[in-house]
Every structure is written in structure tokens, then in C-alpha cells.
Amino acid sequence: MIRRHLPTLIAALVLLLVPLVLFGPVALGSRTLLPADALFRFEPYRAAAGQMGVGVPQNSLVTDLILENYAWKRFLLEALQNRELPLWDPYIFAGHPFLANGQHSALYPLSLVFYLLPLWRAYGVFTWLQLGLAGWWAYL
């Protein structure tokens, strides 16, 4: 029985491990995919950039990940820890519907990673799983 499925199991293992080779330092190591250096382009962080040894951000095109997505994930985690349903985000102007806006991906099945792991690590594991599972489903 297992011999019949052995090629499929080997393909699954390879397709899950190849993205891990690329994203190993951020999925399993001590690095993160969050572009925290992009925060130093804006006040009040810009004032401390010289003291912290931060120069020009490596890639200023990915600031949305730290300015928007990280804030959404943090808000979502705080609401869930308080046993609240995050229907409304009061932190942007006078507030806006949070759960109705799908851009935060709170209901995406792989977002479970963000609820189980620390945020700095979850971004790497999430990226690795998405690429690995995309390869697996393409194989199937």
C-alpha cells in the first residue's frame, strides 16, 4: 500500500522542503520577514535612526507589511485574546469596519499560523507554508 503512494509522498516532501531552503532563516531561525527598518523613514522613529545605526531602508517598497499588515494582525490578536470579535477598528480616524474588510486575511485558513506563533516568526512560517502548499496542490 505504501509503495503505491511512495512517489506522491516523496513529491510532497520535496515540494514542502524546497521553500524551506529559501525561507529557513525566517521560518525556523532568528530572522523575520518584517521590514522593521522601514519604520525609520517616519517620525518618531526617524529621530532615533542615527542612534540605532539604521540608515536608508533596504527596500522602501515593502513598508505596507509593517505599517498596515502588522498593525492589523496585532489588533486582531489583541481582540481575540480579550475574547472579542474584531468587528470595528477604532484606531483609524473615527473607526472603520474591520472584519468586513478582507484585506487583513483574518478568516484565511493559513492565518491560523499568526494565532499560534509570535508575529515576527509567523510571517516566515506563513510564507513557507503558502509556497510549499501551492507547489503541493499544483502537483496534485
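Structural data are supplied above this passage.
Everything quoted here is computed from the prediction, not taken from an experiment.

Draft legend 1. Here's a closer look at unusual backbone geometry. P44 follows E43 through a cis peptide bond whose omega is 5°. A positive phi angle is found at R83, which is not glycine, with a value near 60°. A residue is classified by how much of its surface remains accessible, and R83, at 80% relative accessible area, is exposed.

Draft legend 2. Local environment of the packing of aromatic side chains. This model, assessed by the stated rule, comprises 7 aromatic pairs. For the pair F75 and Y91, a centre-to-centre distance of 5.8 Å together with 85° between the ring planes defines the contact as edge-to-face. In this pair, F75 is assigned in helix α3 (residues 63–81) and Y91 in the loop between β1 (88–89) and β2 (96–97), connecting sequence segments 16 residues apart. Judged by its relative accessible area of 12%, F75 falls in the buried class. Centroid distance Y108 to F126: 6.0 Å. Interplanar angle 75°. Geometry classified as edge-to-face. With Y108 in the loop between β2 and α4 (112–116) and F126 in helix α5 (residues 119–139), this pair connects stretches of sequence that are 18 residues apart. Given a relative accessible area of 13%, F126 falls into the buried group. A network of ring pairs unites the aromatic residues Y108, F114, Y123 and F126 as a single cluster. Directly above the aromatic system of F114 lies the positively charged group of K73, at a separation of 4.6 Å from the ring centroid.

Draft legend 3. Main features of α3. Here α3 spans 26 Å end to end across 19 residues, near enough to the 27 Å set by a 1.5 Å rise per residue. The largest bend in α3 is about 30°, located at N69. Those residues of α3 lying buried are T63, I66, N69, W72, K73, F75, L76, L77 and A79. Two residues or fewer past α3, R83 is found with a positive phi of approximately 60°.

About the cut-offs
Residues numbered from 1 in each chain as written. Predicted model: local features only at pLDDT ≥ 70, side-chain atom pairs only at ≥ 80, totals over all residues. Heavy atoms only, no water. Buried < 20%, exposed > 50% of the residue type's maximum accessible area, 1.4 Å probe, protein only. Phe/Tyr/Trp six-rings, centres within 6.5 Å; stacked < 30°, edge-to-face > 60°. Helix = DSSP H or I, 4+ residues; strand = E, 2+ residues; numbered from the N terminus. Lys NZ or Arg CZ within 6 Å of the ring centre and 35° of its normal. Expected span 1.5 Å × (residues − 1). Bend = angle between axes of the 7 residues up to and from the residue.

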